[in-house]
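If you want the building blocks of each chain, they are given just below.
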Amino acid sequence: ATGRLLFFTVIAAGYFITAFGLRFVFPSTSLEGRAAWLFFSSPLDPFRLLLARAALYATLLSVTVVPVGLIGVVRLAPAPDIMAAIAGLLLLVAGTTGTVLLVLGAAWPDFRDPDPESLSTSGAGLGGAVLCLVYVAGVGWIARSAVATPDGAGVVTWLLAAATVSVALVTGALGLARRR
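The notes below deal with the structure included here. (Residues numbered from 1 in each chain as written. Predicted model: local features only at pLDDT ≥ 70, side-chain atom pairs only at ≥ 80, totals over all residues. Heavy atoms only, no water.)

A few words on the overall build of the protein. Secondary structure summary: the protein contains 8 helices and 0 strands in total. In the protein, the succession of helices and strands from N to C terminus is α-α-α-α-α-α-α-α. The C-alpha atoms of the protein give 17 Å as radius of gyration, which agrees with the globular expectation for 180 residues (16 Å, within 12%). Residue pairs in contact within the protein that sit at least 24 positions apart in sequence constitute 84% of those at least 6 positions apart. Carbon and sulfur atoms make up 71% of the accessible area of the protein, which amounts to about 9,400 Å² in all. Across the protein, 11 positive and 8 negative side-chain charges occur, with their mean positions spaced 3 Å apart. (Helix = DSSP H or I, 4+ residues; strand = E, 2+ residues; numbered from the N terminus. Rg over C-alpha atoms; globule rule 2.2 N^0.38 Å. Contact = heavy atoms within 4.5 Å. Areas by Shrake-Rupley, 256 points an atom, 1.4 Å probe, with all protein chains shown as cover. Lys, Arg positive; Asp, Glu negative; His and termini not counted. Charge placed at Lys NZ, Arg CZ, Asp CG, Glu CD.)

Structure, rendered in structure tokens:
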């Protein structure tokens, strides 16, 4: 029963991370308007600027959502190893989701539309939302499976699986940013 509740905790936190990311992170490049063109034409490397912004948004998403998710985990499963595993998974979700949504928003910006809601419902925004929610569901399943393992070694294996999926998504997104 605890595994199912932790699954739903990770899913709920991941949903809010995706919603915040879709509303604030995804349209950020488009909302810069003329300032984005100044950055693109400056001698700064746009990819390094994108990486710095990804780190900033991942940190902001982590600070706003992860503590709330961990409050529920403390009440459900006060064991330190489970709390650490869920905290690690939530940090992975925040970093991966923030980076993927930022890159998709930067790869397909719309500088003419000043409305963040309509920017988020563009093709790239909806595709990013679906991708991130499927990813969140997978990480939730990993959280449930990690808690269900009887030994501590299984938890590390499941966390490595989640980290591998996260690295693959972030690498793919950053590869897209390099091409665009």
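The discussion continues.
With that out of the way, let us pick up the environment of Ala163. Examined against the element boundaries, Ala163 turns out to sit in helix 8 (residues 152–179). By relative accessible area, Ala163 is classed as partly exposed at 25%. Residues Ala163 and Thr96, 67 residues apart in the sequence, show an inter-C-alpha distance of 9.6 Å. (Buried < 20%, exposed > 50% of the residue type's maximum accessible area, 1.4 Å probe, protein only.)

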